[in-house]
Amino acid sequence: MFDQAPRAPARTDRPRSVRLAKALMSPWARLFLLAVVLASAATAVLLYEPQKMLADGWPPQLGGAMAAVLFGVAYGLCTVAFVPRPILNLAAGALFGTALGLTASIGGTVLGAGISFGLGRLLGQDALRPMLRGRVLLAADGVLSRHGFRSMLAIRLFPGVPFAAANYCAAVSRMRYFSFLTATGLGSIPNTLAYVIAGSEAASPRSPAFLISAGFIVVSSIAGAVVAWRKRHSIGRSAGTGVLVASSEDVQGNGAPTAAAGKVPVLPLPKG
């Protein structure tokens, strides 16, 4: 008989490394990483207060379009770290005027929303979607998933929902990335413009431009609160209606109820 070739020693570390890799890539591990990233960003804002540097004209050695571009990038990163957008919009108007300040602010808004949406979709969606329980949450998720552009456009036009909260709620839903960014850019223009004008006219608070922009900010805030309140109740009614419709459809043609009758339905949602 021929001598058999010696066998290589079995690798005992492979199963352990595979389990470790799966654990690190699990939904809950990624959600924990998202929480760490956001907490670190918020802590950095509290310690270093980058919004003050932006308001003081950082970077001082640059001006014009290049300074506006850098301001827009810093604006986006600050919104990810939960810096309020009104402060940044006022600073943009004071530093660059209406036209350039609006461009920098909208660019930073879309950048920050895109980063937040990407972080939420990559690190948080798989862990949070199974936690969607209850009729209201399912109905709200269905509205964002099926009517993403229209819903996000209304949220941005009537700012009754905080910017960061809207970003991460949209990320947990099945809203499409392009629809989210497009609606954010278009819907943020009116309110952002009002703050930018107020910032550019802050030196003359009695000017018509300042008074009109301040009035628009007040009216849009009240309208946003009203729209958010009405939307909350309409979602609750649609959730109840959806359950009743589904229950009636779960009855067979001969009048006998199926096994799924009476259960809260989880409607199939489009992927995107």
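Just so we're clear, the structure is a prediction, and the values are computed from it rather than from any experiment.

Chemist: Go over the packing of aromatic side chains with me, naming the residues and quoting the values.
Modeler: Scanning the entire structure with this criterion turns up four aromatic pairs. Note on Phe 71 and Phe 96: the rings are 5.4 Å apart at their centroids and 75° apart in plane angle, and the pair reads as edge-to-face. Linking Phe 71 in helix α4 (residues 64–80) with Phe 96 in helix α5 (residues 85–128), this pair joins segments that are 25 residues apart in sequence. Judged by centre distance (4.5 Å) and plane angle (25°), the rings of Phe 117 and Phe 180 are stacked. Of this pair, Phe 117 sits in helix α5 while Phe 180 is found in helix α9 (residues 177–187), placing the two residues 63 residues apart along the sequence.

Chemist: So, the packing of α5 against helix α8 (residues 163–172): which residues are in play, and what are the values?
Modeler: Their axes nearest at 7 Å, the elements α5 and α8 cross at an angle of 35°. The hand of the α5/α8 crossing is right-handed. Listed contacts from α8 to Arg 85, Thr 109, Ala 113, Ser 116, Phe 117, Gly 120, Arg 121, Gln 125 and Leu 128 of α5 are Phe 163, Asn 167, Tyr 168, Ala 170, Ala 171 and Val 172.

Chemist: Hey, could you go over the confidence of the model for the protein for me, with residue numbers and the actual values?
Modeler: Confidence in the prediction of the protein, expressed as mean pLDDT, is 77, and 68% of residues score 70 or more. Long-range and interchain partners of residues 241–272, a stretch whose pLDDT sits below 50, account for 34 contacts in this model, where long-range means more than four residues apart.

Rules and cut-offs
- Chains are numbered independently. Their residues run from 1 in the order of the written sequence.
- The predicted origin of the model limits local features to residues at a pLDDT of at least 70 and limits the giving and counting of side-chain atom pairs to 80 or more, whereas totals for whole chains, interfaces and linings rest on all residues.
- Based on all heavy atoms of the structure, the side-chain values leave hydrogens and waters out of the count.
- Between the rings of Phe, Tyr and Trp (Trp by its six-membered ring), a pair exists once the centres lie within 6.5 Å; its type follows the angle of the planes, with under 30 degrees stacked, over 60 edge-to-face, and the other angles tilted.
- Helical segments are the DSSP runs of H or I of at least four residues, strand segments are the runs of E of at least two, and each set is numbered from the N terminus.
- Axis definition: a line fitted to C-alpha atoms, over the contacting stretch in the case of helices. Angles run 0 to 180 degrees between N-to-C directions.
- Note on convention: near helix rotated counterclockwise from far helix by under a right angle means a left-handed crossing. Clockwise means right-handed.
- Here, two residues are considered to be in contact whenever any of their heavy atoms come within 4.5 Å of each other.
- Every residue gets a pLDDT, meaning the predictor's confidence in that residue, from 0 to 100.

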